[in-house]
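Okay, here's what each chain looks like letter by letter:
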Amino acid sequence: MAAPALSHMLDELIATPSVSSVMPQFDMGNRSLIDRLAGWLESAGFSVEILPLEGHIDKANLIATLGTGDDGLILAGHTDTVPWDDKRWQHDPFRWTVDQGRGYGLGSADMKSFLALAIEAARGLKPEDLHHPLIIVATADEESTMDGARLLARLRRPRAKYCIIGEPTDLTPVHMHKGVMMESLTVTGRSGHSSNPQMGRNAIDGMTRVLADLSNWRESLKQQSNPAFLVPYATLNFGHICGGDNPNRICPQCVLNFDLRPLPGMSGPELRQELRERIARVLDDTDLDFEMTSLMAGIEPFSSGDDSVLARELAEISGKTPITVAFGTEAPFFKELGCDTVVFGPGRIDQAHQPDEYIELSALDDTVRMLRSLIHRCCTAG
């Protein structure tokens, strides 16, 4: 039995809500969508394994394998979407709607369509056709915690030689992206009456010192640049600050939340250590304490590497030179598994997370054609 037609798969995937969010009131599971994918892939002859996320009975990853071995090709996509605002959508976000050459729906570009297209590209293949396995992977919670990809990295599976992350890149190979770090710094002092500054320790004064030092560090980060990126250096953004409660009280605590986007070659843990050392030096001669915590586990910078065979193959298949992007993906986790990894998929990132999200219908046929070409090169060619 074959998987259903592509249009039916797109209908079903779009119609199945699978929002992930760090805000509990919006967060949903993805298990219904995973079960649909599992049924289609089993019908298409794949061996299917479902991996529940620890602590989430309604969230899971899927690994579907056709053929055997550790040297095949992974086609990977995430099953979740961001939340939506009904009032800003003109089309039903949970209905695959075709209109004037576009397919509308929540997740149409980012990135439920890729999972359907991967299954369509594999249509008719049998294990005996493959010299190397074809593996389709569907993950949970990419839009929030990346816990699905983190689980695969901990399990060290699946194993393969090549991996495509099917994010919307307009079918252009992406061989590098920056990392993402979101950190929180709390400076703690001692409250007192504002009429006598010596009666307390003002946390805002301490944070002022920290901000001046981090601003200087931000400028120094520009000395390490990569011209392949539109913004060629690591960025540091002070996104939120809050301290004190009344003008006549010495501020006992001040909190700064900031975002750091490191370049490939930089290490998240090393940057966090440098931040702690800098802050400790700045506050060393004060009676202020500080604590730094991560607001998210972080995504490491990604690079396919100069010797990426997959990047060259996709450049030839697509006719497009590999590029860099500013957004983060699951690519670092699959590269950690030892895969030659490239981000490559239909749709445009400017459609992601937008009302009336859509994908060009012409991209669907192009994607199937290119994926079949890659499957032939990586899995069926002798």
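What you see is a predicted model, and the numbers here were worked out from it, not measured in a lab.

Draft legend 1. Geometry of the pattern of salt bridges. Counting across every chain of the model gives 18 salt bridges. When the shortest N-O distance is used, the salt bridge between Arg-123 and Glu-120 registers 2.7 Å. Note on Arg-123: relative accessible area 30%, which makes it partly exposed. Note on Glu-120: relative accessible area 14%, which makes it buried. Ionic contacts of the salt-bridge type, sharing partners, join the residues Asp-27, Lys-59 and Asp-141 into one network.

Draft legend 2. Looking closely at unusual backbone geometry. Between Asp-110 and the following residue, Met-111, the backbone shows a cis peptide bond with an omega angle of -15°. You can see Met-111 is positioned in the loop between strand E5 (102-104) and helix H3 (112-121). For Gln-100, which is not glycine, the phi dihedral falls at a positive 50°. Its identity as a non-glycine residue notwithstanding, Leu-171 has a phi of 55°, on the positive side. Within the secondary structure, Leu-171 is located in the loop between strand E7 (162-165) and strand E8 (174-177). For Leu-171, a relative accessible area of 6% puts it in the buried group.

Draft legend 3. Local environment of the nonpolar core. In this structure, Leu-37, Leu-73, Leu-75, Leu-134 and Ile-164 are the most contacted members of the largest nonpolar core, which totals 52 residues. Looking at this core element by element, the count peaks at nine residues for helix H9 (residues 361-380). Apart from the residues lying within four places of it in its own chain, the contact partners of Leu-73 are Pro-133, Leu-134, Ile-135, Ala-160, Tyr-162, Cys-163, Leu-374, Ile-375, Cys-378 and Cys-379. Core analysis: the second largest hydrophobic core is formed by 27 residues, Val-187, Leu-221, Ala-234 and Leu-283 among them.

Draft legend 4. Just the environment of Ser-144, in detail. The residue Ser-144 is located in the loop between strand E6 (134-139) and helix H4 (147-155) in this model. On the accessibility criterion, Ser-144 (15% relative accessible area) is buried. For Ser-144 and Leu-66, which are 78 residues apart along the polypeptide, the C-alpha to C-alpha distance reads 30 Å. Apart from the residues within four sequence positions on either side, Ser-144 is in contact with Ser-20, Ser-21, Val-22 and Asp-80. Within polar-contact distance, the side chain of Ser-144 engages the side chain of Ser-20 at 3.3 Å.

Draft legend 5. The arrangement of the sheet that holds strand E4 (residues 97-99) in detail. Strands sit in the order E4-E5-E16 across an open sheet of three strands; the sheet is antiparallel. Of all strands in the sheet, those bounded by a partner on one side alone are E4 and strand E16 (358-360). Shown here is a sheet whose adjacent strand axes are inclined to one another by a mean of 25°, direction ignored. Relative to E5, E4 runs antiparallel, the two sharing three bridges. Its bridge partner lying in E5, Asp-99 is registered against Arg-102.

Draft legend 6. Quick look at the packing of helix H7 (residues 309-318) against H9. Remark: H7 packs on H9, axes separated minimally by 10 Å, with the N-to-C direction vectors making an angle of 135°. On the basis of the axis angle, H7 is oblique to H9. For the crossing formed where H7 meets H9, the hand is right-handed. The residues of H9 that touch H7, namely those facing Leu-310, Glu-313, Leu-314, Glu-316, Ile-317 and Ser-318, are Met-370, Ser-373, Leu-374 and Arg-377.

Draft legend 7. Representation of H3 within the structure. Most of H3 sits inside the fold, with ten of its ten residues counted as buried. All of the buried residues along H3 are Lys-112, Ser-113, Phe-114, Leu-115, Ala-116, Leu-117, Ala-118, Ile-119, Glu-120 and Ala-121.

Draft legend 8. Up close: the side chain of Glu-142. Counting through the fold element by element, Glu-142 comes out in the loop between E6 and H4. The side chain of Glu-142 is buried and forms no salt bridge, while Arg-150, the nearest opposite charge, is found at 9.8 Å. At a separation of 3.2 Å, a polar atom in the side chain of Glu-142 contacts the side chain of His-78.

Draft legend 9. Fine view of the side chain of Glu-143. Examined against the element boundaries, Glu-143 turns out to sit in the loop between E6 and H4. At a separation of 3.2 Å, a polar atom in the side chain of Glu-143 contacts the side chain of His-353. Once you skip the residues sitting within four places of it in the chain, Glu-143 turns out to touch Ser-20, His-78, Asp-80, Thr-81, Val-82, Asp-110 and His-353.

Draft legend 10. Structural context of a nonpolar patch on the surface. Taken together, Val-22, Met-23 and Phe-26 make up a surface patch of nonpolar side chains, about 300 Å² in accessible area. Structurally, Phe-26 is set in the loop between helix H1 (6-15) and helix H2 (31-43). Among the residues examined, Phe-26 registers a relative accessible area of 38% and is labelled partly exposed.

Draft legend 11. Local environment of the layout of surface pockets. Counted as a void, the largest pocket has a volume near 520 Å³. Lining the largest pocket are 19 residues, and of these Glu-142, Glu-143, Ile-299, Gly-328 and His-353 lie nearest its centre. Of the residues assigned to the lining of the largest pocket, the class counts are eleven nonpolar, three polar and five charged.

Rules behind the numbers
Residues numbered from 1 in each chain as written. Predicted model: local features only at pLDDT ≥ 70, side-chain atom pairs only at ≥ 80, totals over all residues. Heavy atoms only, no water. Salt bridge = Lys/Arg side-chain N within 4 Å of Asp/Glu carboxyl O. Buried < 20%, exposed > 50% of the residue type's maximum accessible area, 1.4 Å probe, protein only. Helix = DSSP H or I, 4+ residues; strand = E, 2+ residues; numbered from the N terminus. Core = buried A, V, L, I, M, F, W, Y, C linked by side-chain atoms within 4.5 Å. Contact = heavy atoms within 4.5 Å. Polar contact = N/O pair within 3.5 Å; in protein donor to acceptor, adjacent residues only side chain to side chain. Pairing = 2+ DSSP bridges. Axes fitted to C-alpha atoms, helices over the stretch in contact; angles between N-to-C directions. Parallel < 35°, antiparallel > 145°, perpendicular 65-115°, else oblique. Left-handed = near helix turned anticlockwise from the far one by under 90°. Lys, Arg positive; Asp, Glu negative; His and termini not counted. Patch = residues over 30% accessible without salt bridge, like charges linked within 9 Å, V, L, I, M, F, W, Y side chains within 5 Å. Areas by Shrake-Rupley, 256 points an atom, 1.4 Å probe, with all protein chains shown as cover. 1 Å grid on protein atoms, 1.4 Å probe; cavity = no way out; pocket = protein on both sides within 12 Å on 5 of 7 lines; lining within 4 Å. Points joined across faces, edges and corners; volume = space filled by probe spheres on them. Nonpolar A, V, L, I, M, F, W, Y, C, P; charged D, E, K, R; others polar.

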